[in-house]
Amino acid sequence: MQSQQPTTVVVLGTGGTIAGTAARADDNVGYRAAQLGVDALVDTLRGALPDGVTLETEQVAQLNSKDMTHAVWAALAHRVAAHLARAEVAGIVVTHGTDTLEETACFLQRLLAPAKPVVLTCAMRPATSLLADGPQNLRDAITVAAHAGARGVVAVVAGAVHGALDVRKAHTYRLDAFASGDAGPIGRVEEGRLRRLRDWPAGTALGLAVLGDDAARWPRVEIVASHAGADDGVVDALVVQGVDGLVVAATGGGSVHEALEAALVRAQDTGVAVLRASRVGAGPLLPRDDDVLPAASGLTPAQARVELLLQLLARRAAP
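This text gives an overview of the structure that appears in the document. (Residues numbered from 1 in each chain as written. Predicted model: local features only at pLDDT ≥ 70, side-chain atom pairs only at ≥ 80, totals over all residues. Heavy atoms only, no water.)

**Side note on helix H7 (residues 301–317)**
With 17 residues, H7 extends 24 Å from end C-alpha to end C-alpha; this agrees with the ideal 24 Å at 1.5 Å per step. Of all 17 residues making up H7, 12 are buried, and the element is well covered by its neighbours. Looking only at H7, the buried set comprises Pro301, Ala302, Gln303, Ala304, Arg305, Val306, Glu307, Leu308, Leu309, Leu310, Leu312 and Leu313. Looking at the packing, one finds that the buried side of H7 touches helix H2 (70–84), helix H3 (101–112), strand E9 (168–169), strand E13 (221–225), strand E14 (245–250) and strand E15 (273–278). (Helix = DSSP H or I, 4+ residues; strand = E, 2+ residues; numbered from the N terminus. Expected span 1.5 Å × (residues − 1). Buried < 20%, exposed > 50% of the residue type's maximum accessible area, 1.4 Å probe, protein only. Contact = heavy atoms within 4.5 Å.)

**Re the sheet that holds E13**
Within a sheet, adjacent strands bond to each other through the backbone by hydrogen bonds, running parallel or antiparallel. Read across the open sheet, the 3 strands follow the order E13-E14-E15; overall the sheet is parallel. Edge positions in the sheet fall to E13 and E15, since each has one partner strand and no second. Adjacent strand axes in the sheet meet at a mean angle of 25 degrees, parallel and antiparallel pairs treated alike. Note that E14 and E15 share 6 bridges and pair parallel. What sits directly across from Ala250, in E15, is Ser278. Seen against the sheet, helix H6 (residues 258–269) touches E13, E14 and E15 and runs at an angle of roughly 160 degrees to E14. (Pairing = 2+ DSSP bridges. Axes fitted to C-alpha atoms, helices over the stretch in contact; angles between N-to-C directions.)

**Thoughts on the packing of aromatic side chains**
All chains considered together, the criterion is met by 2 aromatic pairs. Taking the centre distance of 4.8 Å and the plane angle of 15 degrees together, the rings of Trp73 and Phe107 count as stacked. One end of the pair, Trp73, is in helix H2; the other, Phe107, is in helix H3, and 34 residues separate them in sequence. With respect to burial, Trp73 and Phe107 carry one shared label: buried. Within the aromatic cluster, the residues linked to one another by ring pairs are Trp73, Phe107 and Trp218. (Phe/Tyr/Trp six-rings, centres within 6.5 Å; stacked < 30°, edge-to-face > 60°.)

See below:
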């Protein structure tokens, strides 16, 4: 007897604009994020769910994603893993704010590399606005989470399915505010059906054990920017404060101002981990013979910070 395809999708709420309320129905700027619970978001879809899908909901956090914390990341990762382990669960949807979505997606993919889909979704307009985009994004995310054969962490926004390590916020206010750089979207949701364009995210999971028991004790990793007139002061000050890792948002194809680069090399020599990422929105960091700082090619500076943080956590957890 063939086993039945799992039909349960778990929706985990963390707040964000998708759960926000506006002072007026036409006000997409003067609103308050994270005002509605995940149950209220799901209620907007009653009668409009994909056929055969059963929903469960859980509120993991309720915050504006600009204020995302390591503690919320840890709690979210544990809840995602717990639900993925259930045989009847086809996939997970996480409602999230737009500001740090690319960081949370990167974090969950590198940590869990799930064999089932974990789908982050969001909205650019609050839930009570006249033409809210959250309900359609949520329905599309559920469609992807329930799709047979889907896997890995993705983001579903404005009909596009973006891979966790490719996605980045590319516009301040448009409804299609996210892009995937050179990689392009994994697929598109069209009239309730997924059209896949390339393969799902894959990789080796670092595992929950690297997180430890206290997010307050995670390594400190900061981002510094290379720019005209950059100097060594910020890096030297962070080293004195005991920073564990530094990501430099480099110019162009990964170049760093000479004064800032010298300070980063000094920091690296003292044991501070350093990564370069480009502040440009698309394109890889091509290796050069004179590179003195390792590169996180293809990641935004914010995602590179997540990568370095997880590397340091894994190093700390190693026997």
